[in-house]
Structures are given as structure tokens and as C-alpha cells.
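This is what each chain is made of:
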Amino acid sequence: MARYCLDVLTGNIPVGRLVFLSVERHVRDLIEGQKRGLCYDDAAAAYVIEFFENFLVFAEGEHAGKPFIPSPWQQFVLAMLFGWKTADGFRRFRTAYLEIGKGNGKSPLAAGILLFMLIADGEESAEIYSAAVTKDQAKILFRDAENMRTASSWLRQKIAAHRNNLSVASTASFARPISSEKRGLDGKRVHCALIDELHEHPSDVVVNKMRAGTKGRRQALIFMITNSGFDRETVCYYQHEYSRKVLDAIIEADAHFAYVCHLDACEECQANGYTQPKEGCNNCDSWLDQDVWIKANPNLGVSIGVKYLDEQVQEAVAMPSKEGIVRRLNLCFWTQGEKRAIGAVAWARCSGLAREEDPVAWRARQFEQLRGRNCGAGMDLGSTDDMTSVVYFFDRQPGVAKPIVLPFFYAPEESVALRTQRDRIPYEMWRQLGFLKVTPGQVRDDDFIRKDINDCARLFNVKELRFDPHRVLLLLNQLQGDGFSVESNAHRNRLEGHQQGFISMHDPTSRVLTMIKNGDFEHGNNPVLTWMADNLVIVADAAGNQKPVKPSNPSSPKKIDGMVAFILATAAMDAHPVTARPRVHVV
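Residues numbered from 1 in each chain as written. Predicted model: local features only at pLDDT ≥ 70, side-chain atom pairs only at ≥ 80, totals over all residues. Heavy atoms only, no water.

Peer 1: Account for the overall build of the protein, with residues named and values stated.
Peer 2: Counting its secondary structure elements, the protein contains 22 helices and 18 strands. The C-alpha atoms of the protein give a radius of gyration of 26 Å, which matches the 25 Å a tight globule of 587 residues would have. In terms of overall dimensions, the protein has C-alpha extents of about 85 × 50 × 45 Å along its principal axes. The burial tally for the protein puts 55% of its 587 residues in the buried class. Counting only contacts in the protein whose residues sit at least 6 apart along the sequence, the fraction spanning at least 24 positions is 74%. Working note: accessible area of the protein is about 25,300 Å², and carbon and sulfur atoms make up 51% of it. Both charge centroids of the protein, one from 71 positive and one from 72 negative side chains, sit 2 Å from each other. (Helix = DSSP H or I, 4+ residues; strand = E, 2+ residues; numbered from the N terminus. Rg over C-alpha atoms; globule rule 2.2 N^0.38 Å. Buried < 20%, exposed > 50% of the residue type's maximum accessible area, 1.4 Å probe, protein only. Contact = heavy atoms within 4.5 Å. Areas by Shrake-Rupley, 256 points an atom, 1.4 Å probe, with all protein chains shown as cover. Lys, Arg positive; Asp, Glu negative; His and termini not counted. Charge placed at Lys NZ, Arg CZ, Asp CG, Glu CD.)

Peer 1: Break down helix α5 (residues 106-119) for me, with residues and values.
Peer 2: In this model α5 runs 20 Å from its N-terminal to its C-terminal C-alpha over 14 residues, within 8% of the 20 Å that 1.5 Å per residue would give. Most of α5 is tucked away, with 12 of its 14 residues classed as buried. For α5, the set of buried residues is Lys 106, Ser 107, Leu 109, Ala 110, Ala 111, Gly 112, Ile 113, Leu 114, Leu 115, Phe 116, Met 117 and Leu 118. (Expected span 1.5 Å × (residues − 1).)

Peer 1: Lay out the packing of aromatic side chains in plain terms, naming residues and giving numbers.
Peer 2: Scanning all chains against the criterion turns up 28 aromatic pairs. Ring geometry for Tyr 392 versus Phe 408: centroids 5.6 Å apart, planes at 85°, classification edge-to-face. Of this pair, Tyr 392 sits in strand β12 (residues 388-394) while Phe 408 sits in strand β13 (residues 404-412), placing them 16 residues apart in sequence. For the residue pair Tyr 392 and Phe 408, the accessibility class agrees, reading buried in each case. (Phe/Tyr/Trp six-rings, centres within 6.5 Å; stacked < 30°, edge-to-face > 60°.)

Peer 1: For the environment of Gly 376, give the residues involved together with the corresponding values.
Peer 2: Relative to the elements of secondary structure, Gly 376 occurs in strand β11 (residues 374-380). The spatial distance from the C-alpha of Gly 376 to the C-alpha of Arg 494 is 9.6 Å, given a sequence separation of 118 residues. Discounting chain neighbours no more than four positions away, the residues touching Gly 376 are Val 391, Tyr 392, Phe 393, Glu 464, Ala 569, Ala 572 and Met 573.

Peer 1: Any details on the pattern of salt bridges? Residues and values, ideally.
Peer 2: Enumeration according to the criterion identifies 39 salt bridges in this entry. Here Glu 357 ties to Arg 365 by a salt bridge, and the two come within 2.9 Å at their closest N and O atoms. Taking the shortest distance from any N to any O, the salt bridge between Arg 444 and Asp 446 comes out at 2.6 Å. Taken together, the salt bridges that share partners define one network made up of Arg 17, Glu 241, Arg 244, Lys 245, Asp 248 and Asp 534. (Salt bridge = Lys/Arg side-chain N within 4 Å of Asp/Glu carboxyl O.)

Peer 1: Can you tell me about the pairing of strand β8 (residues 190-195), naming the residues and giving the values?
Peer 2: Burial analysis of β8 places 6 of its 6 residues in the buried class, which makes it a mostly covered element. Where strand β4 (residues 127-132) lies against β8, 5 bridges are found, and the strand directions are parallel. Looking at the pairing, Ala 131 lines up with Ile 195 of β8. Relative to strand β9 (residues 221-226), β8 runs parallel, the two being bridged by 4 bridges. Residue Ala 193 lies in a different strand from β9, and its bridge partner there is Ile 222. Of the crossover connections in this fold, the one passing from β8 over helix α8 (residues 205-212) to the parallel β9 is right-handed. (Pairing = 2+ DSSP bridges. Right-handed = clockwise from strand over helix to strand, strands pointing away.)

Peer 1: Describe the sheet that holds strand β16 (residues 494-497), listing the residues and the values that go with them.
Peer 2: In spatial order, the strands read β14-β13-β12-β11-β15-β16; together these 6 strands make up an open sheet with mixed pairing. In this open sheet, the two edge strands, each paired with only one partner strand, are β14 (437-439) and β16. Averaged over all adjacent pairs, the angle separating strand axes in this sheet is 20°, with direction ignored. Across the sheet, helix α21 (residues 527-535) lies against β12 and β13, angled at about 90° from β13, the strand it touches most. (Axes fitted to C-alpha atoms, helices over the stretch in contact; angles between N-to-C directions.)

Peer 1: Describe the side chain of Lys 322, naming the residues involved and giving the relevant values.
Peer 2: Among the secondary structure elements, Lys 322 is positioned in helix α13 (residues 320-331). Only 3.4 Å separates the side chain of Lys 322 from the side chain of Gln 312, close enough to count as a polar contact. In contact with Lys 322, other than residues within four places in its own chain, are Gln 312, Glu 315 and Ala 316. (Polar contact = N/O pair within 3.5 Å; in protein donor to acceptor, adjacent residues only side chain to side chain.)

Peer 1: Which residues make up unusual backbone geometry, and what values do they have?
Peer 2: A positive phi is found at Asn 164, a non-glycine position, where the angle reads about 55°. Residue position: Asn 164 is located in the loop between β5 (160-162) and β6 (165-168). Assessed through its relative accessible area of 24%, Asn 164 is described here as partly exposed. Phi is positive for Cys 332, which is not a glycine, with a value near 60°. Within the element layout of this structure, Cys 332 appears in the loop between α13 and α14 (344-348).

Peer 1: I'd love a proper account of the sheet that holds strand β7 (residues 173-179), names of residues and values included.
Peer 2: If you trace the 8 strands from one edge of the open sheet to the other, you get β5-β6-β7-β4-β8-β9-β3-β10, paired in mixed fashion. In this open sheet, the two strands that pair with only one neighbour each are β5 and β10 (256-260). Strand after strand, the sheet turns through a mean of 15° between neighbouring axes, direction not considered. Each of β3 (95-99), β9 and β10 is contacted by helix α4 (residues 72-83), which is oriented at about 170° to β10, the strand it contacts most.

Peer 1: So what about the pairing of β10? Which residues, and what values?
Peer 2: Among the 5 residues in β10, 5 count as buried, and that is most of the element. The side-chain alternation of β10 yields two buried faces, one formed by His 256, Ala 258 and Val 260 and the other by Phe 257 and Tyr 259. Two strands pair when backbone bridges link them, and β3 and β10 are joined in this way by 5 bridges, in the parallel orientation. Directly across from Glu 99, in β10, lies its bridge partner Val 260.

Such coordinate-based values are descriptive only and should not be taken to indicate function.
Next comes the structure, spelled out in C-alpha cells:
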């Protein structure tokens, strides 16, 4: 396994960027993880790999009757899941997401984990589930486990087999297939759930029910396996994006493991927001290039042959109707197109953090340095139970090297608890660090937000506060009573509505994107704003005017409110320029 890590990091094994980051995360945590109560147990990692090699036998295919010797990438996955521990001695990773090309051995790997968790994990009354949308689908992975059990004389002695049930009497443990077709997902005490073909799940019901069942287990594991999908408003894409954000260090989640295979966009396209190869770019990985197929197919030459994959690609070239399927299933493309507005690298260049300075210290420094400075403010009020964002933008001024953005975020307490648990977005951690202000109850507290706005108006010289006119009338009236003005000749604390159409949003949106591209402002790596920047998608009308677009699904965990407020704040500041500066022309 150590050899695999070295080969990945030195480029001897071609891998996609996210697999590289997964390996890099492991190596980094070997050095830094102890500070967070993490440790790597070589013996525990070796134990699970030896279980595969000594007790598991392939039951079908060209490897039938041969021991299950995990490939290097499979050894890495197993070592990560079972080798990493927390300070209490239990396993670190409670959820895992594996996205890989079809035919690369993900189901046999999951079946082997099922058997290990059933017989060799030392858990009393362990409940193991092969979970899927339909019963027939759930039985596919379960059948692999049954066949492995049948092919091994040792496992046949230890594990009893009944209809759709594997059991170990000595520990009162069992494994069964389970689906959402019948009302059988509730009331489980899940030690391990292997969730198959996540891209085919129409909702997050199976994932959420299995996760809810792990609450009483000390070291439960939810292992999700899938090919790439096409619909970006699905539980599979949410898990894909969550995993990407964890690997990109946008979200901190020590309990989540991800191994996401894909072909790569070139550095320039990545900086421009592309997470997979851009059509027509000669520098991005091409799905027609055999040399990069291994990035999506780490078992190439083992469980899937180059000849087979070549036949699939050639058929897709000859039959365009098949192209999307081959690119998605075999080469890990998400075929429903979407381009993120901001690349993670470009955003990181704008942090403005001094050497070894953390975001909390940066924010405290700015409060002192920006006292009395001119700024524009933008506000995006969330729905009654959602997040609200107020952002202050300090343009370039004497003594300020670069423009500064200073965001504030607010959310109802019960919403924070719900979203932390359901969406696994670290709202609670943001609250503890002071980046998210939480108000009591279930609904937005406008009085709390209003008090903060007034406090900032006394601390900073707020020239203008811009807002989306939707759902703001009551707060607007209260702010006028506090001394804010709607008069056009007001020199400070002016209130101005800003419609969210293409024409009205184009100029400030273009300015923000240009500043990000040029590294021409500082955000201090505020984790909430960084997360929202990563979620930002821009759409354009026929005339080329562009604006941010919010997710069409109201329950989507992706939020962009802070970036909308940032855009409005730049518009507010541009309406009150301190000194003349050239207009920004965006081509």
C-alpha cells in the first residue's frame, strides 16, 4: 500500500486529480493527523488485507477459484477504511464514497467488506446490509458475498447461509439485502451498509435511513459505490460534490473517505471552473486516449481489459447515441454539463493570509485595520429557515493594498442542527469558529441581523447597502427607522434595492469574476464564503449578460447566498467610488 502511495505521488501510476488528493491527504495526515486525534494503525490495515488474501476466493469469471488478492488501489481503499483510527481507538471513517469506471471490481470489493464486517470485525450483534433502490439490485452485491462464502471452505464453516441471509451464531450477527421498495429501512441498527449503484437512486432515502441506523454503533461504516451519473440534482452528485470538497479541503470532514476516479481537465480549464475535460480543449485528457483510461479504470488489465474498453470507445465513436453511456460508465464523465464559475485554485490565490495565519486571525486583523473605512454592503436574506448573508466590500483605498471582502452569515439554530446532520455541511463547526452566527429557534431572526448591520454601520463607513427586494420589506422599514435612508442623495447608509435579472447583475458579477481571476482582492479564506464560491454557477442570456443562479431544487445543500451578497456589495461600492479608477472591461 505504501508503494502505491509513492507511485501515485511520483506519477508512476497515472491517476485523476481527486485520487491524487486522496493519497496526498493520507500522507499529510500521517504527519499532521495526531494534532486532530487521528492515528494510522498499520496492523489493522494489514489485518483486513490479509483477510481478503487468505479467506476470500473469486467464485466466477476468469479468476474463479483464485484467492482475492486486492489490487494496489483496492489495498489503499481497505487500508484507509480500516487502518485510520481516532483517539478513542475506533475507526476514523464512518462514510466512504467510491466512484469508478464499470468493471473495475467495486462490487467484489464491497462484498468482501461485507464478509469482513460480518465475521472478522469483532462486533457483537452486527447488522450488515447490502442496500439499494430495488430488492433485485440489492441482491447483486449480496450474491457476490454469498458466492465468496460458498467458494471458501473456512467461511462455509463460520457463516451459515439461509434465504437472503448470512449469519454468524457466535456473535448473533447477520447480513441481508435491503431496499426502499418495502418499508423495511427503519429501525435498523446498522454496523455496515454497502450501498450499490448510487447513481441509480432517485432520492437520498436509502442513504439517510442507513446513516440514521448507525447512531448507536461505535465504528459503523456506510460504503457507497457507484459509476458516474448524469443528473446533477441527485443524491449521487451531492455525494460526488461533497467528496470533492473534502478532498479540495473546502470542507473539513475527518470521518469521510473518498476515492473518486476521473479524467482531468488541464490546469487552465480547472482554474476556469471545469472539473472534467472541456470539449475541444487539446490540453485536457481525451476520452479517446488509451494512455489516460487507467485514471478512470485503476483495475485496467486486471478485471477489465484494454481490448474491451477499446471496443466500447470505438463503438461510441461510430454510434454517437452510445457516446454518453460509454463516457459516463467507463470513463467517469458526468454527462449533464455544468461549469462552476470559480476554480478552487483561483479562489485560493485570493486568500490574503499571511504566513501561518488562520482565517480567524485574519478576520480579527481586518476588524481593526478597516475601522472607519468606506465600504459597500450587500444582503441576501434567506428563507425563514435558511442562511442569510451580509457582505461588506472595501474597495482599494489609501493604505489598503487590495480590496477586502468581509462576510457575515446567520442561520436559525434548528436549521444548523438539521443541515449539519442531514447534509454533512459543517455548519456547527463554522458556528464554533465564529463564522456563522446562530439565532435561537426555527426561523430567521431579523432583529439579530438588523442589530449587526447597525453595529457594522457604526464601525465602518457603509456608503450603501444593496439587497434583493424579495422578502425584505419589514427589515427595510426597521433599518430606515435606525437611520438608513432610501434617498438618492444620501452619502452614507443608503438603502438600494437591486433586481436579480441578467442586465442588472451583469456588471457587478463580471467585476467579481475578474477580481477572482486576477487575484485582485482578499477574502481571508472564510470557510463559509469559500464553500459558497465553490458552489457558484453562472448563466448567461442570449446577449451574453450573466448572473449567478441558485440551485433549482430548494432542498439542495448547495448555497450561494454569500456570493450573491458579495456581488451586490461591489455594486454598492461602485455607486460611491472613492477615487477614479478605470472601468473593468470583460471580454
